Amino acid sequence: GYLAGGADDERCLRRSVAAFSDVELRHAVLHGVGNNDLDLNTKILGQDSKMPYFITSCAGQRMFHADGEVATARAAKKHGLHMALSQLTTSTFEDVREAHPDGAKTLQLYVWR
C-alpha cells in the first residue's frame, strides 16, 4: 500500500531497510530530570513551538483517517506544534487553517518536469 510501500520498483526502500537492519537504537532516559526542569520551547519559521520540531507533510491523509490533515492540525494545535501540508493534501487549506489558525503556513511543493 501507499503508506507501507516505496516509490516505483521500491529499490530505495529495499536499500534503506538493508542499511538499517544492522542498526540498533537504544533509548536513554533522562534520570533525575523532572517534567518542569526542561524548557523545549523554541521558534520555527518565526512561530512559537512547544518542542523543537514540527509535523511534516504526508500526502492524501484521508486514505488513512476520515478527517485527514484536519485531524493532524487538531493534534498539532493541542500539543503546541506546527505542521506542513502536502501539495497533494486531501483537506482544504481553509479547513486546516480553521482547525489550527495559529499554525505555521508551510507547504511541501512537488515540482514535476
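Anything mentioned here points back to the structure above.
A quick note: this is a predicted structure, and the numbers were derived from the prediction, not measured.

The rules behind each value
- Residues numbered from 1 in each chain as written.
- Predicted model: local features only at pLDDT ≥ 70, side-chain atom pairs only at ≥ 80, totals over all residues.
- Heavy atoms only, no water.
- Salt bridge = Lys/Arg side-chain N within 4 Å of Asp/Glu carboxyl O.
- Buried < 20%, exposed > 50% of the residue type's maximum accessible area, 1.4 Å probe, protein only.
- Phe/Tyr/Trp six-rings, centres within 6.5 Å; stacked < 30°, edge-to-face > 60°.

Requested: an account of the pattern of salt bridges, with residues and values cited.
By the definition in use, this model includes three salt bridges. The shortest N-O distance in the salt bridge between arginine 11 and aspartate 9 comes to 3.0 Å. A relative accessible area of 47% means that arginine 11 is categorised as partly exposed. Of the charged contacts, one joins aspartate 67 and arginine 74 as a salt bridge, the two residues approaching to 3.3 Å between their closest N and O atoms. Overall, the relative accessible area of 43% leaves arginine 74 in the partly exposed class.

Describe the packing of aromatic side chains, with residues and values.
Within the structure shown, the criterion is met by one aromatic pair. An angle of 10° between the planes, with centres 5.6 Å apart, marks the rings of tyrosine 110 and tryptophan 112 as stacked. The class for tyrosine 110 is partly exposed, based on a relative accessible area of 26%. Classification of tryptophan 112 by relative accessible area gives exposed; the value is 60%.

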